[in-house]
Amino acid sequence: MFSLKEEIEKNGFIKFNNSENIDFVKEINKLRKEKNAVILAHYYVSGEIQDIADFVGDSLALSQKAASTNADIIVFVGVHFMAETAKILSPEKKVILPDLNAGCSLADSCPDDKFEEFIKLHPNHTVISYVNTTAKVKALTDIVCTSSNAKQIVESIPENKPIIFGPDKNLGNYISRVTGRKMLIWDGACHVHNEFSLEGIIQLKKDNPEAKLIAHPECPFQIQIIADFVGSTSGLIEYTNTNDATTFIVATEPGVLHEMKKRNKHKIFIPAPGENYDCACSECKYMKLNNIQKLYTCLKYELPEIIIDNTIREKAYKPIKAMLDLS
Ligand code: 13P
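This one's a predicted model, so the numbers in the text were calculated from it and none came from an experiment.

**Some details on the site of the ligand**
Okay, step 1: Taken together, the neighbourhood of the ligand is formed by 13 residues, with His42, Ser59, Ser147, Glu218 and Thr233 sitting nearest.
Okay, step 2: The separation between an oxygen atom of the ligand and a polar side-chain atom of histidine 216 is 2.9 Å.
Okay, step 3: A distance of 2.5 Å separates an oxygen atom of the ligand from a polar side-chain atom of threonine 233.
Okay, step 4: When the ligand sits alone it has 300 Å² of accessible area, and the protein chains cover 97% of it.

See below:
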């Protein structure tokens, strides 16, 4: 018989056989009150989880919330770097993540040892890292950014100071274009946004000539330039809320469609197709590892817990704090 900690080391989450037919939503509601826990969720998780979360947001709003909550426990229903960021910001709180396997292809595309070598090769640069990075990469960074404040963060660096921007090449090139600022950009990408089918999107535009194409800046250049609007998760939601169009082709993780549909029931949202363009298969496989059952066991046993080495945490805190102060 494994202990729960051993089971987490082996599987990354707690397996559960619901033989007693537990009503997970009811139990989660009870547990979060008893434990003074707050459930934070990203717009990419399933609609079912978004509906019971205390707060749903994009990466920036979630870090702001993690820094300001009075809860004793933060249940982060998102991916590992998000829960890690919450722990860095609120070290006195217990931060738990339903499944430790919920990683991020962007964070994986920037190993800390390689990034450190790159920085050493280019001394005197200001290092800006996207929040989608590990704590170790943040510890090598001068200032963190998210997609909703990347332009503002880049513009805050004096013109004469060269910049290293990592790890998303598509976001980096986009920010470079809109700010006119040359930067050394790390060659990383998000598996969801980098793999939309350009052909499939063009076909959808032909089939729906009245639709607006909206895209996240993690999408490649070829998609950004044909888009009617490029913006962060919250920027895209806001655009569909205020724009007069009634049909939108949405080139980002399709989890956001839940919020878009909730706010605008009469509008039509079409998820942009993934590589295999006869299907809308562009979901983030990591975000989708979260489910109600894992959320329940995570809250009940307060595991898996995010633990960060204190020296790394202190170094990683500074660039996140610098971002929050500017945002
Ligand atoms: P935003 O939440 O900043 O739009 O970024 C999306 C993302 O990359 C989540 O991993």
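After that view of the structure, there is still more to cover.
**Observations concerning the environment of leucine 40**
Okay, step 1: Along the chain, leucine 40 falls in strand 1 (residues 37–42).
Okay, step 2: When the C-alpha positions of leucine 40 and glutamine 50 are compared, they lie 8.7 Å apart, and in sequence the two are 10 residues distant.
Okay, step 3: Every residue in contact with leucine 40, bar those within four places of it in the chain, is listed here: Phe55, Leu62, Lys65, Ala66, Ile74, Val75, Phe76 and Val77.

**Structural notes on the pattern of salt bridges**
Okay, step 1: Considering all chains together, one arrives at 14 salt bridges under this definition.
Okay, step 2: A salt bridge links glutamate 155 to lysine 151; its shortest N-O distance comes to 3.5 Å. Taken together, the residues glutamate 155 and lysine 151, both in helix 9 (residues 150–155) and four residues apart, mark about one turn of the helix.
Okay, step 3: Glutamate 155 sits in the partly exposed class, given a relative accessible area of 45%.
Okay, step 4: Using a relative accessible area of 38% as the deciding quantity, one classes lysine 151 as partly exposed.

**A word on the sheet that holds strand 9 (residues 212–215)**
Within a sheet, adjacent strands bond to each other through the backbone by hydrogen bonds, running parallel or antiparallel.
Okay, step 1: Sheet architecture is open: four strands sit in the order 10-9-11-12, paired in parallel fashion. The sheet is open, and its two edges are formed by strand 10 (229–230) and strand 12 (268–271), each paired on a single side.
Okay, step 2: Inspection of the sheet shows strand 9 paired to strand 11 (residues 247–251) by four bridges, in the parallel sense. In the strand pairing of strand 11, lysine 212 is matched with phenylalanine 248.

Rules and cut-offs
Residues numbered from 1 in each chain as written. Predicted model: local features only at pLDDT ≥ 70, side-chain atom pairs only at ≥ 80, totals over all residues. Heavy atoms only, no water. Near = heavy atom within 4 Å. Polar contact = N/O pair within 3.5 Å; in protein donor to acceptor, adjacent residues only side chain to side chain. Areas by Shrake-Rupley, 256 points an atom, 1.4 Å probe, with all protein chains shown as cover. Helix = DSSP H or I, 4+ residues; strand = E, 2+ residues; numbered from the N terminus. Contact = heavy atoms within 4.5 Å. Salt bridge = Lys/Arg side-chain N within 4 Å of Asp/Glu carboxyl O. Buried < 20%, exposed > 50% of the residue type's maximum accessible area, 1.4 Å probe, protein only. Pairing = 2+ DSSP bridges.

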